[in-house]
Amino acid sequence: MVQSSIFYLSELLEQILHFLVIDKSLYLALFVSQLWYRCGAPILWKRIELKWKNKCHSQLKKFMKIVRKRQKPVYSSNLTHLEISNYHPLSDKKFNSIARLFLNIVYLDFNYSIGFSDKTLKQIAEFYPDLKYLNLQKDEYISCNMGIITGEGLYAIARSCHKLEYLNISHRTDICELSICNIIRSYPRLQQLNLNFCKISDITIKEIAGSCLNLKYLNLEGCSNISKEAVDQLVSLNPNIHVENFMLIRIPSPNNGVLDVIHELARHLGISHDASRDVASLDNYINDELSRRLSECCILARSSFRRSDHQLERIC
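Source: prediction; values computed, not measured.

Cut-offs applied
Just so you know, the residues in each chain are numbered from 1, in the order the chain's sequence is written. Reporting in this predicted model follows two pLDDT cut-offs: at least 70 for local features of residues, and 80 or more for side-chain atom pairs to be given and counted; totals over whole chains, interfaces and linings ignore these cut-offs and use all residues. Each side-chain value is derived from all of the structure's non-hydrogen atoms; neither hydrogens nor water enter the calculation. Exposure classes here rest on a 1.4 Å probe applied to the protein chains alone. A residue is buried below 20% of its type maximum, exposed above 50%, and partly exposed in between. Every helix listed is a DSSP run of H or I at least four residues long, and every strand listed is a run of E at least two residues long, numbered separately from the N terminus. We treat two strands as partners when DSSP finds at least two bridges between them. Every axis in this analysis is a line fitted to C-alpha atoms, fitted for helices over the stretch in contact. Angles between the N-to-C directions lie between 0 and 180 degrees. Handedness rule for crossovers: strands pointing away from the viewer, path from the first strand over the helix to the second running clockwise, crossover right-handed. Within this document, salt bridges are pairs made up of a side-chain nitrogen of Lys or Arg and a carboxyl oxygen of Asp or Glu, the two lying within 4 Å of each other. A residue's pLDDT is the predictor's confidence in that residue, given on a scale from 0 to 100. The contact rule is simple, with two residues in contact once any of their heavy atoms fall within 4.5 Å. Between the rings of Phe, Tyr and Trp (Trp by its six-membered ring), a pair exists once the centres lie within 6.5 Å; its type follows the angle of the planes, with under 30 degrees stacked, over 60 edge-to-face, and the other angles tilted. We define a polar contact as two N or O atoms separated by no more than 3.5 Å, with the added condition that, inside protein, one atom must be a possible hydrogen donor and the other a possible acceptor, whereas residues neighbouring each other in sequence contribute only through side-chain atom pairs.

## Re helix α7 (residues 118-127)
Alright, step 1. Of all the 10 residues making up α7, seven are buried; the element is thus mostly covered by neighbouring parts of the structure.
Alright, step 2. Listing the buried residues of α7 in full gives Asp 118, Thr 120, Leu 121, Gln 123, Ile 124, Ala 125 and Phe 127.

## Here's the deal with the sheet that holds strand β1 (residues 47-51)
Alright, step 1. Here eight strands make up an open sheet; going across it, the order is β1-β2-β3-β4-β5-β6-β7-β8 and the pairing parallel. The sheet terminates laterally at β1 and β8 (242-244), the two strands that pair on one side only. Ignoring strand direction, the axes of neighbouring strands in this sheet form an average angle of 5°.
Alright, step 2. Relative to strand β7 (residues 217-219), strand β6 (residues 192-194) is paired through three bridges, and the arrangement is parallel.

## What about the pairing of strand β2 (residues 81-85)?
Alright, step 1. Counting buried positions along β2 gives four out of five residues, so the element sits mostly inside the fold.
Alright, step 2. Relative to β2, β1 runs parallel, the two sharing five bridges. Bridge pairing in β2 links Lys 51 to Ser 85.
Alright, step 3. Two elements, β2 and strand β3 (residues 107-109), share three bridges in a ladder whose sense is parallel. Across the sheet, the residue bridging to Leu 82 is Leu 108, located in β3.
Alright, step 4. Handedness of the β-α-β unit built from β2, helix α6 (residues 92-101) and β3 comes out right-handed.

## Some details on the pattern of salt bridges
Alright, step 1. Summed over the entire model, instances satisfying the criterion amount to five salt bridges.
Alright, step 2. Here Glu 49 makes a salt bridge to Arg 47, at a shortest N to O gap of 2.9 Å.
Alright, step 3. Exposure remark for Glu 49: the relative accessible area of 30% places this residue in the partly exposed category.
Alright, step 4. The closest approach of N and O atoms between Glu 207 and Arg 185, which form a salt bridge, is 3.0 Å. Placement of Glu 207 in helix α10 (residues 202-211) and of Arg 185 in helix α9 (residues 177-185) is noted, with a sequence separation of 22 residues between them.
Alright, step 5. For Glu 207, a relative accessible area of 17% gives the class buried.
Alright, step 6. On the basis of relative accessibility, which here comes to 44%, the residue Arg 185 falls in the partly exposed class.

## So, unusual backbone geometry
Alright, step 1. Not every positive phi belongs to a glycine, and His 171 is a case in point at roughly 65°.
Alright, step 2. Locating His 171 in the fold gives a position in the loop between β5 (166-168) and α9.
Alright, step 3. Backbone geometry at Phe 197 places phi at a positive 60°, although glycine is not the residue there.
Alright, step 4. Along the chain, Phe 197 turns up in the loop between β6 and α10.

## Things to note about the confidence of the model for the chain
The predicted coordinates should not be examined in detail at positions where pLDDT is low.
Alright, step 1. Across the chain, pLDDT averages 77, with 63% of residues at or above 70.
Alright, step 2. Per-element confidence in the chain is highest for strand β4 (residues 133-135), whose mean pLDDT is 97, and lowest for helix α1 (residues 2-5), whose mean pLDDT is 48.
Alright, step 3. Below a pLDDT of 50 lies the segment residues 1-7, which in the model reaches two contacts outside its immediate sequence neighbourhood of four places, other chains included.
Alright, step 4. When the criterion is pLDDT under 50, residues 273-277 qualifies, and its contacts beyond four places in sequence or with other chains add up to eight contacts.

## Looking at the packing of aromatic side chains
Alright, step 1. Across all of its chains, the model carries eight aromatic pairs by this definition.
Alright, step 2. With centroids separated by 5.5 Å and ring planes inclined at 50°, the aromatic side chains of Trp 52 and Tyr 87 adopt a geometry described as tilted. With Trp 52 in the loop between β1 and α5 (58-69) and Tyr 87 in the loop between β2 and α6, this pair connects stretches of sequence that are 35 residues apart.
Alright, step 3. The partly exposed category is assigned to Trp 52, whose relative accessible area is 32%.

## Notes on the environment of Asn 104
Alright, step 1. Mapped onto the elements, Asn 104 comes out in the loop between α6 and β3.
Alright, step 2. Taking the C-alpha atoms as reference points, Asn 104 and Phe 127, separated by 23 residues in sequence, lie 8.5 Å from one another.
Alright, step 3. Every residue in contact with Asn 104, bar those within four places of it in the chain, is listed here: Ser 77, Leu 79, Thr 80 and Tyr 128.
Alright, step 4. Only 2.8 Å separates the side chain of Asn 104 from the backbone oxygen of Ser 77, close enough to count as a polar contact.

This is the structure:
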């Protein structure tokens with residue numbers, strides 16, 4: 001009886017339920033018993049991921065219903081990680097209700113969500129001074145007429161959220177380079193920065209080199225006005241940084257299907273910055289690289305077959 005009673009200890013059960021979080025099956029475990037619900041519900045409320053995609057948005061609807069009625073859940077103080085992605089009607093009014101219900105958020109992911117403006121960013125700055133993660137990436141193919149994010153809203157966050165470690169403002173073309181530099185200067189703890197398709201130049205890269213000494217990851221996809229010299233200087237000052245998707249290639253028209261395919265292949269093949277910039281040379285480079293890799297695969301395949309033959313001979 002003593003041994004069996006161990007399994008009813010709340011501390012042990014909580015440790016077990018944490019594994020169910022990884023397996024995405026914690027919600028079902030809440031219906032096992034009152035004890036399981038009492039131990040599992042706070043864990044479940046700690047991290048909420050809601051996605052409006054492929055018509056699988058029943059949970060997001062339920063969450064927004066709670067927010068709209070301002071019914072404060074029992075475990076609202078447990079919520080620290082909130083992700084609302086691909087949700088286009090995420091208005092300033094809706095976020096204001098979220099912020100007033102959930103006061104301990106340090107992780108905000110609004111990936112591909114639109115509808116909110118600088119008002120929401122100012123509310124983030126007001127309610128979440130301990131914020132560490134902020135994703136404001138916008139879908140490049142969707143124009144946002146309901147809300148615009150500018151440097152004013154981000155600067156409000158910069159003045160308040162000094163613990164920020166991750167920032168993603170990809171495709172936020174309404175933010176000017178001066179504002180981006182002001183923001184970067186305010187984030188000494190920043191470790192990951194995504195600036196895909198932002199309007200930046202070597203000025204921003206130099207600001208990153210001088211201000212973000214703890215930066216470990218920088219994504220520069222689509223930033224075509226940056227020189228190799230500026231990136232090299234950044235890497236020399238911060239050898240621990242990984243610069244992703246920097247391409248010293250100028251493609252005249254991003255809407256040209258053929259050129260898009262060549263650009264994508266170049267990115268996946270990891271072509272060096274010193275490679276020729278014209279499309280013909282790039283095409284030859286890709287063909288040679290594909291041929292080389294195909295030859296390597298054939299050699300590995302032959303070697304594998306030979307090993308298999310030797311093993312069969314030993315068995316026989």
